[in-house]
Structures are given as C-alpha cells and as structure tokens.
Amino acid sequence: MTQRERVQTRFRAEFGDEPACIVRAPGRVNLIGEHTDYNDGFVFPMAIDRATYIALRPRADNKVLAISLDMDDRREFALDALPSPTETKWIDYLVGVAWSLQERGYDLRGWEGVVGGDVPIGSGLSSSAALELTTARAFYEVSAFEWDARSMALACQAAENAWLGVQCGIMDQMISAAGLRDRALLIDCRSLETASAPLPPDTVMVILDTNTRRGLVDSAYNERRAQCEAAARHFGVKALRDVDGDLFARRKQELAPVMRARARHVITENERTLRARAAMLAGDAATLGQLMIASHISLRDDFEVSSPALDAIVACANADAACYGARMTGAGFGGCAVALAGADGVESFLARVGACYRDATGNEPILTVTGASRGAEKIYP
Ligand code: GLA
C-alpha cells in the first residue's frame, strides 16, 4: 500500500467518507552546502520521494483533530487556545505551525484528518520539515490565503525555532516547500532565491543510512552556530557568507585554531556549493563527485560533525569504482550520507557498499536510490 493509500484508507474508516483532499510534503537530502544555511550561505538540497501525507476535510469550527498513523495517536486542539508544547512531539509540530501562521496574520480554519508517511524519524532526512510543510499545506487547503513557498518555509522554520526550540536554519523547510521534480535546488539562504539543476546524465543519488543515531546533536549544532557567529563578528561582517577566500587567507591567523577551522569549512563549502551547480549544469559528474568528497573531509576535519559510522560508509562508497563521490548529509553525528553513483549497475554498488560497511562497523545500513520530488502540494483530488 502506498503512503497515500494508507492515509486515505484510515480516513475512510475514521470519518466514513472520502477526504476532501490529500496533501504531501517531502523530506530531503542535501547534495552539498552543509552548515552554511545559518551563515547566510548556499545549500544544494533535493526533495526526496519520501514524504509526509495528510488526508483531511475542513471542519465547521476552529478545531484541528489529527490522527497519527505512525504514532498510533489522536489529538485535538482549538486554534484560539493552542496547547503549549508537550512531550508528545508530533502534535507540537502541528500546533507550532498553526501558532506561527497565526502570528503572521494568516486566518486559519479547522480541519480533521489522518497523518502518515515514510520519512524515517531522526535519520537526518528532515522528517520534521516534512511534517511542518504538510501541516501548512493542510491549513492552506481549508483556509483562504495565498500559498507562497518562501513565506511558508519561513513560517515553518519559525515554528521549529520558537515553538519546538530547535535552532535550525532555513534549508530543510525551503526544500520541502519548493522542491522540484527531477531537479536539485540551489538556495541562496540570504535572499532565498533558488536556481535548479538536474543530476548529471546516467547518475543517481543514493541515500546511505548508517542506521546510527546520536544524541547531543542539538547542543553540538548550537555550539557550531555560535562559533560561526563569533567568527563573523571577528571579521566585522553580518555572516560568514560575507568573508571570501582572500579575506580569510589574509586574516585567518587572528582566529583561534578551532574558530579558524569552523570558518574555513563554511567559506570553502560556499565556494564548493556554487561550483557544484556549475558542474551539474555542465553534466560533469566527476567534478561534482570531487566536490562532495572535499565537502565530507571539511565537515569531518574542520567542522567536526561527522562520526565513525558516517566516515566508514563514506569511505566504502568512495572506494568503489561506481561512485563519483559521497559525503555525510544534514546536521551530522550519525544518520545519512549521500553518494552520486552511476545509474548502470547501481544495485551491485549498493550490495558492495552494504557488505563493506557491515564488515567495518558491524551495523546494518539502509541503502536506497532516491529520485527528486516536488515540494509541498495537493495530490488528491
Ligand atoms: C540541519 C538543519 C539545517 C542545516 C543542516 C546542516 O538539517 O535543520 O538547517 O543547518 O542541519 O547543513
């Protein structure tokens, strides 16, 4: 059964009727441009074909009644008396998005429906952003406001920052809102302008899930953010986006070694990300792969957000002749890597990487080829 059928079937069983509509919003992988979004820099993610879905119908009152298939839970809240964040995280995302949209002046109506999907939780594929953007889309379908991908992404990011207390950047929400079929999206995280590019011919993007999850990601993430902000202050600029390679080369000795390494990652990663788009537009898989490999080394050595499992799976992929380049993706410390591989014989590539990673770590990886999907949308009727 597809995810769409899952939510639709449960909707019929709960409400005795067809849903008025079904909406979805995808998770993502980031091809390159890591830990650059909160430095006003460039990111290059792709919306994946795993998504969160909501089957719903409007309500006459101002309540939201949501049933979570994956959490086996059912919650209700009123739009004019939003419950404070609880420990039952999933509903907090819905409430947080309602809060954020209302804060921004959107006039919301109530709805009832079923939530479910296949973005794995906690593996670094942005299940949170997928849930937030699907929720925003559900409100859009029953209310009367304009859908604008940037505004929706910003509202959802604000929900995550202020309501859920996670200091994420804008990448995950932007790509879940604005993703394009068969294209990756270069996002300028200062202007939120986007430009797209297809994968090089005869290549595929592979998600290499290490099947490891690590705690303390949030505190390490916040520490990196603070270090980047301090480095920007040192250079007297708004964000590290404003420091180019020349300025950095001239003045890097002024920074303490750790800050210097953090700044070097961000500055070089921005350059790599822009070069990656040029390589993609030229259909140059070899160059794109080399940039991904350099990105991983920089994240591992300068930004220090990789992990032994991520390093192992990336090394297994990079050692394989079918692979152009692999790197960790997302915040790091565990979760997933991505690899650009030749489309021909990708199944045997997956088998070899799986065996290599099992040998190296004793863990069982989850390896999947992913297409690029569209951002938040209505898929039924
Ligand atoms: C997480 C955050 C994003 C981004 C990445 C690192 O996914 O939610 O905003 O900072 O980490 O690139």
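It should be noted that the structure appears before, not after, this text.
What you are looking at is a predicted structure, and each value in this text was computed from that prediction instead of being measured.

J.: Which parts of the structure should I look at to understand the sheet that holds strand β5 (residues 73-78)?
T.: The sheet built from six strands is open, its strands ordered β5-β4-β6-β3-β1-β13 with mixed pairing. Because the sheet does not close on itself, it has two edges, and the strands there are β5 and β13 (377-380). Taking each pair of neighbouring strands and ignoring which way they run, the sheet shows an average axis angle of 30°. Inspection of the sheet shows strand β3 (residues 45-58) paired to strand β6 (residues 111-117) by seven bridges, in the antiparallel sense. Its bridge partner lying in β6, Y53 is registered against G116. Strand contacts of helix α2 (residues 89-103): β4 (63-68), β5 and β6, with the helix running at about 25° to β5, the strand carrying the most contacts.

J.: Would you mind showing me how to read the pairing of strand β9 (residues 203-209) here?
T.: Regular strands have side chains that alternate between both faces of the sheet. Burial runs high along β9: seven of the seven residues are buried. By the alternation rule, side chains of β9 split into T203, M205, I207 and D209 and V204, V206 and L208, which are all buried. Summarising the sheet, β9 and strand β11 (residues 336-342) pair through seven bridges and their orientation is antiparallel. Counted as the bridge partner of D209 is C336 from β11. When β9 meets strand β12 (residues 366-370), the two strands line up antiparallel, connected through five bridges. Residue pairing in the sheet places L208 in a bridge with L367 of β12.

J.: So what exactly am I meant to see when it comes to helix α11 (residues 346-361) here?
T.: In an α-helix, one turn spans 3.6 residues; hence positions three or four apart end up facing the same way. With 16 residues, α11 ought to run about 22 Å at 1.5 Å a step, and its terminal C-alpha atoms sit 22 Å apart, in line with that. All of the buried residues in α11 are V346, F349, L350, V353, G354 and Y357. The buried side chains of α11 occupy one side of the element, clustering within an arc of 135° when seen end-on. Projecting away from the buried face of α11 at angles above 90 degrees are the exposed residues E347 and D359. Those residues of α11 that are buried lie in contact with β9, α10 (308-318), β10 (323-328), β11 and β12. At the exit of α11 stands G362, carrying a positive phi of roughly 80°.

J.: Whenever I open this one, the side chain of R260 confuses me. Can you help?
T.: Mapped onto the fold, R260 is located in helix α8 (residues 257-281). This buried residue, R260, is left without a salt bridge; D302 holds the nearest opposite charge, at 9.3 Å. The residues touching R260, leaving out its near neighbours within four places in the chain, are F248, K252, Q253 and L255.

J.: Would you take a moment to explain the site of the ligand for this structure?
T.: In the vicinity of the ligand, the contacting residues are R28, E34, H35, D37, Y38, C168, G169, M171, D172, Y221, G330 and A331. One nitrogen or oxygen atom from the side chain of E34 is found 2.6 Å from an oxygen atom belonging to the ligand. At a separation of 2.7 Å, an oxygen atom of the ligand approaches a polar backbone atom of H35. Contact with the protein chains removes 92% of the 310 Å² of surface that the ligand exposes when unbound. Split by residue class, the shell around the ligand holds five nonpolar, three polar and four charged.

J.: Mind showing me how you'd approach the state of the cysteines here?
T.: All told, the structure shown has one disulfide when counted by the stated rule. Residue C316 pairs covalently with C356 via a disulfide, S to S 2.1 Å. Its torsion about the S-S bond being -80°, the disulfide of C316 and C356 is classed as left-handed. Highlighted residues: C316 in helix α10 and C356 in helix α11, separated in sequence by 40 residues. Residue C316 is classed as buried on the basis of its relative accessible area of 8%. Counting only cysteine sulfurs, C189 is the nearest neighbor of C228, a cysteine outside any disulfide, at a range of 13 Å. The buried category is assigned to C228, whose relative accessible area is 1%. We note that C323 lacks a disulfide partner, and the nearest cysteine sulfur, in C316, lies 11 Å from it.

Criteria and thresholds
Residues numbered from 1 in each chain as written. Predicted model: local features only at pLDDT ≥ 70, side-chain atom pairs only at ≥ 80, totals over all residues. Heavy atoms only, no water. Pairing = 2+ DSSP bridges. Helix = DSSP H or I, 4+ residues; strand = E, 2+ residues; numbered from the N terminus. Axes fitted to C-alpha atoms, helices over the stretch in contact; angles between N-to-C directions. Contact = heavy atoms within 4.5 Å. Buried < 20%, exposed > 50% of the residue type's maximum accessible area, 1.4 Å probe, protein only. Expected span 1.5 Å × (residues − 1). Arc of directions from axis to C-beta. Lys, Arg positive; Asp, Glu negative; His and termini not counted. Salt bridge = Lys/Arg side-chain N within 4 Å of Asp/Glu carboxyl O. Near = heavy atom within 4 Å. Polar contact = N/O pair within 3.5 Å; in protein donor to acceptor, adjacent residues only side chain to side chain. Areas by Shrake-Rupley, 256 points an atom, 1.4 Å probe, with all protein chains shown as cover. Nonpolar A, V, L, I, M, F, W, Y, C, P; charged D, E, K, R; others polar. Disulfide = S-S within 2.5 Å.

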